[in-house]
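Residue strings, one per chain:
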Amino acid sequence: MKPAAFDYVAPTSVEEAVAALSGAGGDAKVLAGGQSLVPLMNLRLAKPAVVVDINRVAGLDGVTVRSGFLSVGALVRHADLAAHPDVAGWPLLRDALELIGHPAIRNRGTVGGSIAHADPAAELPGVLRVLGGSVVAAGPNGSREIAADDLFLGYLTTALEAEEILTEVRFPALPAGAGSAFVEFARRHGDFALVGAAVVVALREGGQVGEARLCLIGVGPGPVAVDMGGLQGKPATEATWAAGGELAAAACDPDSDLHAPAEYRRQLASVMTARALALAAPRASEPRR
Ligand SMILES: Cc1cc2nc3c(=O)[nH]c(=O)nc-3n(C[C@H](O)[C@H](O)[C@H](O)COP(=O)(O)OP(=O)(O)OC[C@H]3O[C@@H](n4cnc5c(N)ncnc54)[C@H](O)[C@@H]3O)c2cc1C
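Report follows, based on the coordinates. (Residues numbered from 1 in each chain as written. Predicted model: local features only at pLDDT ≥ 70, side-chain atom pairs only at ≥ 80, totals over all residues. Heavy atoms only, no water.)

Digging into the pattern of salt bridges
Note the threshold: In what follows, salt bridge is the name for a side-chain nitrogen of Lys or Arg lying within 4 Å of a carboxyl oxygen of Asp or Glu. Accessible area is worked out with a 1.4 Å probe on protein chains only. A residue is then buried under 20% of its type maximum, exposed over 50%, and partly exposed in between. Numbering of helices and strands starts at the N terminus; helices are DSSP runs of H or I of at least 4 residues and strands are runs of E of at least 2.
Scanning the model with the defined rule gives 10 salt bridges in all. Ionic pairing is found between Asp-95 and Arg-94, a salt bridge with its closest N-O pair at 3.5 Å. Classification of Asp-95 as buried rests on a relative accessible area of 19%. Judged by relative accessible area, Arg-94 falls into the partly exposed class, the value being 31%. Measuring nitrogen to oxygen at the nearest pair gives 3.6 Å for the salt bridge that ties Arg-283 to Asp-95. Within this pair, whereas Arg-283 is found in the segment after α10 (262-280), its partner Asp-95 is found in helix α4 (residues 91-97), the two being separated by 188 residues in sequence. In this structure Arg-283 comes out as partly exposed when scored by relative accessible area, which is 45%. A single salt-bridge network, built from bridges that share partners, covers Arg-94, Asp-95 and Arg-283.

As structure tokens, this is what we get:
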């Protein structure tokens, strides 16, 4: 299928891009990697009057370690970020990037596009939420920072305004000594995950769980953060990881769809969480006495 007719603009600065969005009266779409927008337009599920192609906008392709977080420009491609030397310090992000689609998707798809698109089964929104990250958005009134907890509002919906462009994604570093893991289940290699679990675990002196964080994907309208306070003080054992899985299953409320019934997704949430905790804990280092 072919998309409906649209006007195409290719600004070279953030200000021009914001002006183009503002001038379209809410009927414009930003084009980044096009891996999600173009199929939606071809299927006529999206029919924007104006497409604002930001690929020529300068200054959106940097990767920089800042105080406590990795700053990733919105236009950085998944594959380029995965290959970037600084990502070694962000192992959860590195693990998640390898799970996104196929090499062709990762070569074109952008970090900003994945966050702005907010697919409930996308990996990067889950990573951003479990790390307590944020994004920077530029609009007609300047720039603002939006915390991940306030960003994801529902299915394919974020707190970004129609005339705003996401310019930067900020991934905080793991707490000192913490371990992390991203585990997911997809029916075929390269498919969107049915369910995935992004986990961060810090251990106390003596090996008990100090802090555990979990964000699930594929079980709700967006990335689902789960309160794992119930694991605090428990020993780092298989029984504790299984208990974490039960917390995850109880906290999520997936829908049934053509890919999987709700109960299957809930069971996957439990199993993916237990596996992720078991992987993350040995990666954590106990505090020194
Ligand atoms: C076959 C296939 C398999 C895939 N598998 C996965 C997968 O397993 N995991 C996964 O996470 N993703 C997957 N994807 C999606 C892929 O990661 C996309 O790259 C991503 O969802 C969107 O990024 P993009 O740069 O292509 O954005 P685009 O398609 O260009 O845009 C997507 C949406 O975000 C908006 N947008 C983009 N950038 C900005 C910005 N800077 N500011 C404001 N709005 C913006 C657009 O207006 C549009 O609404 C898959 C895609 C395909 C086609």
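What to know about the site of the ligand
The line we're drawing: Consider each residue's heavy atoms; a residue with any of them within 4 Å of a molecule or strand counts as near. Within 3.5 Å is the distance limit for a polar contact, defined as a pair of N or O atoms, with the added protein rule that one can donate a hydrogen and the other accept it, and that residues adjacent in sequence qualify only through two side-chain atoms. Only the protein chains shown count as covering a residue, and every accessible area follows the Shrake-Rupley method with a 1.4 Å probe. Asp, Glu, Lys and Arg are counted as charged, while Ala, Val, Leu, Ile, Met, Phe, Trp, Tyr, Cys and Pro are counted as nonpolar; the rest, among them Gly, fall into the polar class. Note: domain ranges come from an automatic or database domain assignment.
Close to the ligand lie 28 residues, the nearest being Val-30, Gly-34, Leu-37, Thr-110 and Glu-123. At a separation of 2.8 Å, an oxygen atom of the ligand approaches a polar backbone atom of Gly-33. Here an oxygen atom of the ligand and a side-chain polar atom of Ser-36 are 2.8 Å apart. Contact with the protein chains removes 89% of the 960 Å² of surface that the ligand exposes when unbound. Take the shell around the ligand: its biggest share by element is four residues, from helix α6 (residues 111-117). Classifying every residue of the shell around the ligand by side-chain character gives 14 nonpolar, 11 polar and three charged. Here the shell around the ligand spans two domains, since at least three of its residues come from each of domain 1 (7-53) and domain 2 (63-172).

Some words on the sheet that holds strand β5 (residues 69-73)
Where we set the bar: For two strands to pair, DSSP has to find at least two bridges joining them. Working convention: axes come from line fits to C-alpha atoms, limited for helices to the stretch in contact. Angles between N-to-C directions cover 0 to 180 degrees. Residues count as neighbours in contact if any of their non-hydrogen atoms are within 4.5 Å of one another.
Strand order in the open sheet formed by five strands is β4-β5-β10-β6-β7, and the pairing between neighbours is antiparallel. Two strands close off the open sheet at either side, each with one partner strand: β4 (63-66) and β7 (142-147). The mean angle between the axes of side-by-side strands here comes to 25°, regardless of whether they run parallel or antiparallel. The sheet contact formed by strand β6 (residues 134-139) and strand β10 (residues 165-172) spans five bridges and is antiparallel. Bridged to Ser-134 within β10 is Arg-170. Most of the contacts of helix α1 (residues 14-23) go to β10, to which it runs at about 120°, and overall it touches β6 and β10. The strands touched by helix α7 (residues 123-130) within the sheet are β6 and β10, with β10 carrying the most contacts at an inclination of about 55°.

A look at unusual backbone geometry
For residues besides glycine, phi is generally negative; the peptide bonds are generally trans as well. Its identity as a non-glycine residue notwithstanding, Arg-44 has a phi of 60°, on the positive side. Within the secondary structure, Arg-44 is located in the loop between α2 (37-42) and β3 (50-53). Even without glycine at this site, Leu-156 takes up a positive phi of about 50°. Locating Leu-156 in the fold gives a position in the loop between β8 (152-154) and β9 (157-158). Leu-156 sits in the partly exposed class, given a relative accessible area of 30%.

Quick notes on the side chain of Glu-123
We count it as follows: Residues scored as charged are limited to Lys and Arg (positive) and Asp and Glu (negative), so that His and the chain ends carry no count.
Positionally, Glu-123 belongs in helix α7. The buried charged residue Glu-123 lacks any salt bridge, with Arg-106 as its nearest oppositely charged partner at 8.5 Å. Every residue in contact with Glu-123, bar those within four places of it in the chain, is listed here: Ala-96, Leu-99, Ile-100, Phe-182, Glu-184 and Ile-217.

Observations regarding the sheet that holds strand β12 (residues 195-203)
With antiparallel pairing, four strands are arranged side by side in an open sheet as β11-β12-β13-β14. Lying at the two open borders of the sheet, with one neighbouring strand each, are β11 (179-185) and β14 (224-226). Between one strand axis and the next, the sheet turns through 15° on average, direction left out of account. Bridging between strand β13 (residues 209-217) and β14 involves three bridges; their strand directions are antiparallel. Residue pairing across strands places Cys-215 opposite Ala-225, the latter belonging to β14.

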